[in-house]
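The chain contents come next:
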Amino acid sequence: MADGSAALKTVKTTCAYCGVGCGVTGAVGQGRSVSVAGDVVHPANLGRLCSKGSALGATVGLEGRLLEPTINGKTATWAEATALVAKRFKETIARHGRDSVAFYVSGQLLTEDYYVANKLMKGFIGSGNIDTNSRLCMASAVAAHKQAFGADLVPGCYEDLDVADLVVFSGHNAAWTHPVLFRRMEAARARGQKHVVIDPRRTDTAEGADLHLAIAPQSDVRLWNGLLADLVRRGAIDRDYIAGHVNNFEQVVAMLAEVDQSVEAVAADCGVAVEDLQTFYDLFAANARTVSLFSMGANQSAQGVAKGLSIINAHLATGRIGKPGACPFSITGQPNAMGGRETGGMANTLAGHMDFAPEDRDRVARFWGAPDTARAPGLKAVEMFEAVRDGRIKAIWVMATNPAVSLPDSGAIREALAKCPFVVVSDCVETDTTAFADVKLPALGWGEKDGTVTNSERRISRQRALFPAPGQARADWKIMADVAVAMGFDGFGWSNNASVFREWARLTAYENQGRLLNLSGLSALTPEAYGELLPIQWPVKADGKGTPRLFVDGRFQTPDGRARMVPVKPRGPAEATGDAFPMSLNTGRIRDQWHTMTRTGLAPDLCRHAPEPYVEIHPEDAEALGLKDGALARVTTSRAEAVAVAKVSDRQRRGSLFMPMHWTDAFAPSGRANTLVAPRVDPTSGQPEFKHTPARVRAYRETWKGFFLSRSVLSPPVGTDLVWRRIPQDACQQHEFAGRGDAVERDALRKALTKGLAGELVTYEDPATGARRQAWVEDGRLVAVLYMTTTGRLPPRDWLAELFAEETLPAEARSALLFGRPPGAPVDKGSMVCACLKVGAKAVNAAIAAGADTPDAVGAVTGAGTNCGSCRPEIARMIKALAVTSKEPAHVG
Ligand SMILES: Nc1nc2c(c(=O)[nH]1)N[C@H]1C(S)=C(S)[C@@H](COP(=O)(O)OP(=O)(O)OC[C@H]3O[C@@H](n4cnc5c(=O)[nH]c(N)nc54)[C@H](O)[C@@H]3O)O[C@H]1N2
Ligand SMILES: Nc1nc2c(c(=O)[nH]1)N[C@H]1C(S)=C(S)[C@@H](COP(=O)(O)OP(=O)(O)OC[C@H]3O[C@@H](n4cnc5c(=O)[nH]c(N)nc54)[C@H](O)[C@@H]3O)O[C@H]1N2
Ligand code: SF4
Ligand SMILES: [Mo]
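Procedures and definitions
- Residues numbered from 1 in each chain as written.
- Chains lettered and ligands numbered in written order.
- Predicted model: local features only at pLDDT ≥ 70, side-chain atom pairs only at ≥ 80, totals over all residues.
- Heavy atoms only, no water.
- UniProt positions renumbered as here; feature names shortened; annotations may be inferred.
- Helix = DSSP H or I, 4+ residues; strand = E, 2+ residues; numbered from the N terminus.
- pLDDT = per-residue confidence, 0-100.
- Contact = heavy atoms within 4.5 Å.
- Near = heavy atom within 4 Å.
- Nonpolar A, V, L, I, M, F, W, Y, C, P; charged D, E, K, R; others polar.
- Core = buried A, V, L, I, M, F, W, Y, C linked by side-chain atoms within 4.5 Å.
- Buried < 20%, exposed > 50% of the residue type's maximum accessible area, 1.4 Å probe, protein only.
- Domains from an automatic or database assignment.
- Expected span 1.5 Å × (residues − 1).
- Arc of directions from axis to C-beta.
- Axes fitted to C-alpha atoms, helices over the stretch in contact; angles between N-to-C directions.
- Parallel < 35°, antiparallel > 145°, perpendicular 65-115°, else oblique.
- Left-handed = near helix turned anticlockwise from the far one by under 90°.
- Salt bridge = Lys/Arg side-chain N within 4 Å of Asp/Glu carboxyl O.
- Buried area = accessible area lost by both parts, 1.4 Å probe.
- Polar contact = N/O pair within 3.5 Å; in protein donor to acceptor, adjacent residues only side chain to side chain.
- Pairing = 2+ DSSP bridges.
- Phe/Tyr/Trp six-rings, centres within 6.5 Å; stacked < 30°, edge-to-face > 60°.
- Lys NZ or Arg CZ within 6 Å of the ring centre and 35° of its normal.

*Asks:* I'm lost on the UniProt feature "domain: 4Fe-4S Mo/W bis-MGD-type" (unreviewed entry) in the protein chain in this one. Help?
*Replies:* Under the feature "domain: 4Fe-4S Mo/W bis-MGD-type" (unreviewed entry), the UniProt entry names residues 8–64. The straight-line gap between the two end C-alpha atoms of residues 8–64 is 26 Å; of that span, 7% is helix and 30% is strand.

*Asks:* Which parts of the structure should I look at to understand the confidence of the model for the protein chain?
*Replies:* Detailed reading of the predicted coordinates is not advisable wherever pLDDT falls low. The share of residues in the protein chain with pLDDT of 70 or more is 98%, and the mean pLDDT across the chain is 94. Throughout residues 888–893 the model reports pLDDT below 50, and contacts reaching past four residues in sequence, or to other chains, amount to 0 contacts.

*Asks:* What am I meant to see in the site of ligand 3 here?
*Replies:* Taken together, the neighbourhood of ligand 3 is formed by C15, Y17, C18, V20, G21, C22, L49, C50, K52, G53, P179 and V180. Taken together, the residues of the shell around ligand 3 sort by class into 9 nonpolar, 2 polar and 1 charged.

*Asks:* Honestly, the nonpolar core in this entry has me stumped. Any pointers?
*Replies:* In summary, soluble globular proteins display a tendency toward joint burial of nonpolar side chains. In terms of nonpolar packing, the biggest core is built from 128 residues, with F89, F103, L213, L223, W224, F280 and W397 touching the most fellow members. Residues lining this core come from more than one domain, with at least three contributed by each of domain 2 (70–137 + 336–537) and domain 3 (139–330). Discounting residues that sit within four places of it in the chain, F280 has contacts with V168, V196, I198, L211, L213, L223, W224 and L227. Counting residues in hydrophobic clusters, the runner-up holds 57 residues, among them V60, A164, F182 and V197.

*Asks:* Would you take a moment to explain helix α2 (residues 78–96) for this structure?
*Replies:* An α-helix turns once per 3.6 residues; consequently, residues spaced three or four apart project the same way. Here α2 is 19 residues long and its end C-alpha atoms lie 27 Å apart, about the 27 Å a rise of 1.5 Å per residue gives. Listed as buried for α2 are W78, A81, T82, V85, A86, F89, T92 and I93. Buried positions in α2, seen along its axis, are confined to an arc of 135° and lie on one side of it. Facing away from the buried side of α2 by over 90 degrees, the exposed positions are A79, A94 and R95. A positive phi of about 95° marks G97, the residue just after α2.

*Asks:* So what exactly am I meant to see when it comes to the packing of α2 against helix α21 (residues 476–486) here?
*Replies:* The relative placement of two packed helices comes down to the angle between their axes together with the axis-to-axis distance. Closest axis-to-axis distance for the α2/α21 pair is 8 Å, and the angle between their directions is 60°. If you check the angle between α2 and α21, you find them oblique. Between α2 and α21 the crossing geometry is right-handed. On α21, the residues touching W78, T82, V85 and A86 of α2 are I479, D482, V483 and A486. In the contact of α2 with α21, the residues fall into 6 nonpolar, 1 polar and 1 charged.

*Asks:* Just to check I follow, could you spell out the pattern of salt bridges for this structure?
*Replies:* A side chain of one charge can pair with a side chain of the opposite charge when the charged atoms of the two come close. The tally for this structure, following the rule as stated, stands at 58 salt bridges. Taking the shortest distance from any N to any O, the salt bridge between R772 and E765 comes out at 3.0 Å. Counted as one network, the salt bridges with shared partners bring together R202, D204, E207, D650, R651, R877 and K880.

*Asks:* Please clarify how the domain arrangement of the protein chain should be interpreted in this entry.
*Replies:* By a widely used convention, the size of an interface equals the accessible area lost when the partners come together. In terms of domain boundaries, the protein chain breaks down into domain 1 (5–59), domain 2 (70–137 + 336–537), domain 3 (139–330), domain 4 (583–699), domain 5 (704–819) and domain 6 (832–887). A straight line from the C-alpha centre of domain 3 to that of domain 4 covers 27 Å. Contacts between domain 3 and domain 4 engage 28 residues on the former and 25 residues on the latter. Carbon and sulfur atoms supply 48% of the area buried between domain 3 and domain 4, which totals about 2,100 Å² over both sides. Viewed at the interface, domain 4 and domain 3 are joined by 3 salt bridges.

*Asks:* Just to check I follow, could you spell out the side chain of Q733 for this structure?
*Replies:* Secondary-structure assignment places Q733 in strand β29 (residues 733–739). Among the polar contacts made by the side chain of Q733, one reaches the side chain of R726 at a distance of 2.8 Å. Look past the residues within four positions of Q733 in its chain and what remains in contact with it is F708, L709, S710, S712, V713, R726, I727 and P728.

*Asks:* Quick question: what am I supposed to make of the side chain of H735 here?
*Replies:* Secondary-structure assignment places H735 in strand β29. Accessibility expressed as a relative area gives 0% for H735, which makes it buried. Within the local environment of H735, its side chain forms a polar contact with the backbone nitrogen of L714, the two atoms lying 3.0 Å apart. Excluding residues that lie within four positions of it along the chain, H735 makes contacts with G706, F707, F708, S710, S712, V713, L714, W724, R725 and R726.

*Asks:* Help me understand the sheet that holds strand β6 (residues 101–105) in this model?
*Replies:* Sheet strands line up and pair through hydrogen bonds in the backbone, either parallel or antiparallel. The 7 strands are arranged β5-β4-β16-β15-β14-β6-β7 in an open sheet whose pairing can be described as mixed. Strand pairing shows two members of the sheet lacking a second neighbour, β5 (74–75) and β7 (130–132), which therefore form its edges. Across 4 bridges, the pairing between strand β15 (residues 422–427) and strand β16 (residues 439–442) is parallel. Pairing of S426 across the sheet is with L441, part of β16.

*Asks:* Just checking my understanding: could you explain the packing of aromatic side chains for this structure?
*Replies:* Centre distance and the angle of the planes are the two values used to describe a pair of aromatic rings. Tallied over the full model, the rule gives 25 aromatic pairs. Taken together, a centroid distance of 5.4 Å and an interplanar angle of 80° make the contact between F103 and W397 edge-to-face. On the criterion of sequence distance, the pair formed by F103 in strand β6 and W397 in strand β14 (residues 395–399) is long-range, its members being 294 residues apart. The residues F103 and W397 share a single accessibility class, namely buried. Members of the aromatic cluster, each reached through a chain of ring pairs, are F89, F103, W397 and F422. Taking the ring centre of F492 as reference, the NZ or CZ of K119 above it sits at 5.1 Å. Taking the ring centre of Y764 as reference, the NZ or CZ of R773 above it sits at 4.0 Å.

Dropping the structure here:
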């Protein structure tokens, strides 16, 4: 254990976060402590973990946890809560029909949970109205897979990433979002693998790549079609493979011929240099072992399905599929996005890769003994919440997702939830969404729940419990099974999760005449064998062996066994930019936060790489708009307005903006990206276009600002118009604020923040600059610090935040507080570069200045980048930046 005491037990489990699905070994200590390490024998990570995985131990505390069921905010027993949910759902169905109720679920549920949710809604309630947050994530790839391969099948495996000669990242910032896989590919790159990144932004993935195509937003289909046309021109396609295994090649070629496909014309439309595009096309033509990874830059688009298909077309035409190191590879985001797609979490699929075709539907109904099984797809996420808002849906159960933050146009989502007559939320913690719940149900979280998840390469791994259930929290599958029984349905009486899993595996094998999703080899697992299940890739046939790669024999899951190429034409984004909103707002992820921060927001080390919501903008755009780096900026769209810190950077294209998706009411109510995003979707997949909303931006121009450090978490006073951000620190909470009001409002805020504080140590006030410094000390211990100013200058916060760790405030710190200056050299570590080893930007820059000129050299001096390595691209960038500034002549004047 980290603290030197012996572990009580060691448990192997799977990381709570991304779709890489890393194996984790948890050494469980006293209380709820655990020290985690990468599982050296897990095939997904072979012992590695990224910054988020490494910090899992810091997120298992009970702060903010839901520990008992509540009804209208009052504690209830499970019997009461279960009975009420069953009664209200039954009444609603009786009065308004089956389709007046809905479940909105998540890729953060286990496969067993997902299976039960789907069986209850589609099988027994008899409505298709269950959809998952994977609609926001994977739906476009799923639709592309179905059209091209006949089912939602991911051909490749991680080994392909090791042996490929060329990896293309299409709208995929792997360095930050799938760091452990990215490290694997960096290792391959050291052996000669080439990397091409297609992303409008110069991300950390693009930073060290062999080629970065900073394409105009939403121009991917043009680029990939152009590639296929170029391959045809060169004769670099695989005619034998096409003849043997692919339909529609000629149709696609004819469609391509309708427009100018010259490299010059395509480069102009995609906004990239002709030479760069030519380099990509040459690389693709030359490397049979090519993997094309695609992620949210492809899927989250109004032409997301077309983007996926245009990538798959290039692979089918070159026969680069089902072979080592060659495949189109849609990478999954959430730990169990794949499990949800398997079990039927999406409104338009039934279960086990069977859809609503009558024979599929009857087969599933027969298996379940459920004559009422839904006959048609239900509403997809965005439509579902529209139906909640306009009253068609009158009861909704949200599980393991935070739609008040993560769905587009979140203002409208909140309205819908507020209006809905009956809202049930199962979660582990209070969230922006639980605020709307009539019934809150406490679910087991990571480290407590037990079951299976499937990662990006179809690998099923066990999540196992490290701790006993806290409070009254229960497993999601059990919560739903109890409600199903209370509603009077048969077939929900499982005694444990192993029997849920067995039933699910049996369904995949049931009357299976060629469905590749087949778990027959797992359908008779004893509880012991289920407990000990080792990571395995489906299909798992009767011999119990897994399958790394699909389509090895060139057979697909279509009626004639042949893959289908699909002609797809480029279209613009759903909503064009114009005079009112001239810029394109792109959104996505940052390195150390996970989604709505309900877990990573508990680990201060993960909050210091990018502590506040920001909007990234190109220097020339910033200059034209009078925006300074670090100043607050207002971003406005047709939906709403948000305020974030301007980050001026040439890594952004001109005309584009980027905002992270993560912040919530709990951390930065005015910095939420999804109040801004328009709910435009791909017409086939229903996936929202999170990567493009027309927007404009201007300076916020606060009249005062400040920060308040305290031992407890504060929320901004209700009704005050200000920009508020909370940043968790090791020993205190840092609250940053800025406002445009007058002195009266400023005073009101000060009073609200400092109400009830005793033992004041210093008050310094300078009416001329509006400066105020105040510190409160109780029993020698610092309890709060307030700094405010109207002139805009505030001291660094790090040294103040660190004073909260002192049991007794040192004498020199007392006088420093008075002067508003740190004693001696200022403790300002800068932003956290390496979250694993806690190395700040200042230390990294010092090492570079002292001569460290490679990430390895910086690592040797500071430790930065030596654990998970996800900060190595940033360190490389810092080395480059310092080399440039040191060559520039010193500024005079
Ligand atoms: N640190 C961290 N890691 C995560 C997550 C997290 O919250 N935090 N979440 C997980 C989940 S659920 C998911 S889905 C994955 C997502 O993983 P990624 O898809 O890698 O993440 P994003 O940042 O959403 O988007 C990827 C890139 O798409 C680019 N993009 C925008 N528009 C376009 C376009 O028109 N064309 C192209 N080619 N690219 C474009 C964006 O600039 C962005 O860099 O990450 C997983 N991993
Ligand atoms: N603007 C913008 N918005 C986006 C995206 C984007 O790129 N840009 N990306 C989209 C994508 S790809 C995704 S995947 C979504 C993610 O969006 P969400 O799913 O809303 O994000 P999370 O914060 O992961 O929410 C998961 C919730 O489930 C809870 N939870 C965790 N484990 C369990 C469990 O076992 N049981 C229960 N009952 N609860 C649990 C957590 O406490 C948390 O509150 O966001 C989407 N929204
Ligand atoms: S890459 Fe990081 S977040 Fe993803 S599963 Fe591995 S340790 Fe967890
Ligand atoms: Mo996702």
